[in-house]
Amino acid sequence: MLSRCSHVLVASLLVLGVVLTGCAKRPATTQAAAPAPTGAAATTPGSSAQAQPPGGGATPPSGGSSSGGTQSGGASTARPAPSEFVSIAELKDIHFDFDKYDIRPGDAKMLDTNAGWLKSNPNHLVLIEGHCDERGTNEYNLALGERRAKSTMNYLVSQGVQASRITIISYGEERPLCTEHNEECWAKNRRAHFLVKPR
Amino acid sequence: MTVRRSLVVALVVSLLALPGLPPVAPPPARAQGVDVFLNVTGGGSRKLNIAIPEFTVVAGNDVAGAGKQLASVAGADLTFSGLFSVVAGTGSIPANNPELLRQSWAEFAAAGAHAGVHGLLALRGERAEIEMRLYDITTPAHRLIATRKFEMPAAQMRRLAHKVADEVVLQFTGEPGIADTKIAYVVGPAGAAKEIVMADYDGAGAAPVTRNGSINLMPVWSPDARSLAFTSFRQGYPDLYRAFPFERRPEQTLAAFIGINSSPSFSPDGKSLAMTLSKDGNPEIYVLSLASGTMRRLTRHAGIDTEPTWSPNGREIAFVSDRGGVPHIFVMDAEGANVRQITSGGFHTQPRWSPRGDMIAYTQRAGTHDIWVVDVDGSNPRRLTSGGDNQGPTWAPNGRHLAFQSSRSGRWQIYAMLADGNALTALTRGSAENTSPSWSPRLP
């Protein structure tokens, strides 16, 4: 009487439509305290995944400072800490059109000025931040901000700034200068920002 | 043990019926004692009316009113499923009293119920145990359909109710429900710290996953529901990490290359993680083998390639590329070959492949953003949301529901809806900005 299908009478009365996909192949009466894990068994705690350094590619992972997490993938020498850089008045932001990462002609002139300062101050490293407005979605904007920072870096390199002095970072839409929801504000947020630190 | 006999009959149409959705015709009102919650979804499909009286406490002292709470939570779960209307009674049915049980079911049946859940709750110190008995009450025999026991730490009492609801859904549909799941999401306004939290799928019991004071983004659950991959700026740069929110286990660094390390997506077998890295020049899609640590590059294009999402059979990956000028959804096989464009026109990001395999949800920007779905072959695109700004779709593990973030209330909050856009339900409230939901698989 405890047949798994005993409720079919009830169900058939009720026209549940597509949800009535038939009887599950399992007994109606079970005493399990909890069902078995649903996910793939491959990723169990303590599996080899955790012990392995990530990213076996050619570029060594970095960011392995001592705080918090388990393993660190490698030395962090390739990436100076962003918090060590400061903004200076001599280096002006440049701006971008919506969903674009090419350098506009007027902004190229500003970049020429920035390149001039950097060439005159060869003992400074520069951090270029790429930013987006709030339109578009977070993940895509993180990539878009990266492209903006990279375009800016490439332009500075083309003007004679050593690539080895430049670090880039994308904040996507996470660090807006202006939080109103209008074009004036969005235009301010679509920017590349410059910070420096002494070598 | 409280013995309540007065499960007498009254039908009250619940105010839970959603605004904008016409309620079905209310049943005629009768005497006091039983409420009928009619939570209507579109499509006009009939629902199964199910009675869930307060659970009967058979051991321990229920000082916190768990018996009542569990019935209420399980009822809300079944209402959320879109398959059931809950006939909620006041009072509980005494244990070991066949005559009172028969009377109670007869009264619920008279009130329109087709099935009844009798929950027997045992409180044993740190543990709580439920025996659920599911009855067909459409015939005078009140046939027992199924009996099942669940046990949980008392601190996770609500999960017992979710387990009961999921079992009821299983008994009537052949597939378990999705109530015993979590939703992870990001809390905090743009420009400040953003932390990842997780809550029950219905928004209850939010608890921190990260607490690093940095920007934490894009949480995504692993297929075993034990870990979350996410992007964090906690070391200064956007790197990929994995947290184990149910274990005392430190976060694991997954990728910390120069450039962005973002948009994680676990393969369905949990062995690989697709992600976006810009270490080789611009944002491209890679697959990390979690066991060996080897990294395989899938895309090679001068534009932006990002936001991979696996098909449920693991053979294909959908992603976003701006190679056509503006971002669109593309699909490639899991080795990176056979790339084809799925969407056109518009500005399309955030693809999420349905667990059923037949659709891809995504976000379209047209002034504001809305959630759309499209068939995997690119046909039949249709909009699911309207009003405010709507982003970040994430599928429930059964493919019948989607959660997403919406600004319709004035702040970003997490909402859920059926996959046809109906039965909108707010999952989060309050003064925080809640974004980027990720719906977990069913918990172990």
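Residues numbered from 1 in each chain as written. Chains lettered and ligands numbered in written order. Predicted model: local features only at pLDDT ≥ 70, side-chain atom pairs only at ≥ 80, totals over all residues. Heavy atoms only, no water.

(A) Just the overall build of chain A, in detail. When you go through chain A residue by residue, the secondary structure sums to 5 helices and 5 strands. In sequence order, chain A lays out its α and β elements as α-α-β-β-α-β-α-β-α-β. Of the roughly 9200 Å² of accessible surface on chain A, 58% is carried by carbon and sulfur atoms. (Helix = DSSP H or I, 4+ residues; strand = E, 2+ residues; numbered from the N terminus. Areas by Shrake-Rupley, 256 points an atom, 1.4 Å probe, with all protein chains shown as cover.)

(B) Up close: the sheet that holds strand E17 (residues 284-289) of chain B. Residue and element names in this part refer to chain B. One open sheet accounts for 4 strands, arranged E15-E16-E17-E18; its pairing is antiparallel. Taken across any chain shown, the strands that pair with only one partner, and hence form the sheet edges, are strand E15 (261-266) and strand E18 (295-297). Shown here is a sheet whose adjacent strand axes are inclined to one another by a mean of 30°, direction ignored. Relative to strand E16 (residues 272-277), E15 is paired through 4 bridges, and the arrangement is antiparallel. Bridged to Ser262 within E16 is Thr276. (Pairing = 2+ DSSP bridges. Axes fitted to C-alpha atoms, helices over the stretch in contact; angles between N-to-C directions.)

(C) Geometry of the environment of Asp166(B). Residues and elements named next belong to chain B. Note on placement: Asp166 falls in helix H3 (residues 157-173). Exposure remark for Asp166: the relative accessible area of 10% places this residue in the buried category. Those residues in contact with Asp166, other than ones at most four positions away along the chain, are Pro176, Gly177, Ile178, Ala179 and Asp180. (Buried < 20%, exposed > 50% of the residue type's maximum accessible area, 1.4 Å probe, protein only. Contact = heavy atoms within 4.5 Å.)

(D) A look at the packing of aromatic side chains. Scanning the model with the defined rule gives 13 aromatic pairs over all chains in all. Summarising the aromatic geometry, the rings of Phe98(A) and Phe347(B) are spaced 5.7 Å apart at their centres and angled 25° between planes, so their arrangement reads as stacked. Here Phe98(A), found in the loop between strand E2 (94-95) and helix H3 (105-120), pairs with Phe347(B), found in the loop between strand E22 (340-341) and strand E23 (348-353), and the two come from separate chains. Taking the relative accessible area as the measure of exposure, Phe98(A) reaches 23% and is therefore partly exposed. Taken together, a centroid distance of 5.2 Å and an interplanar angle of 15° make the contact between Tyr171(A) and Phe233(B) stacked. Here Tyr171(A) is found in strand E4 (residues 166-172), whereas its partner Phe233(B) is found in the loop between strand E12 (228-232) and strand E13 (239-243) on a different chain. Put simply, the rings of Phe98(A), Tyr140(A) and Phe347(B) touch in pairs and so form one group of aromatic residues. The ring of Phe85(A) carries the charged tip of Lys197(A) above its face, separated from the ring centre by 5.7 Å. Taking the ring centre of Tyr415(B) as reference, the NZ or CZ of Arg408(B) above it sits at 5.5 Å. (Phe/Tyr/Trp six-rings, centres within 6.5 Å; stacked < 30°, edge-to-face > 60°. Lys NZ or Arg CZ within 6 Å of the ring centre and 35° of its normal.)

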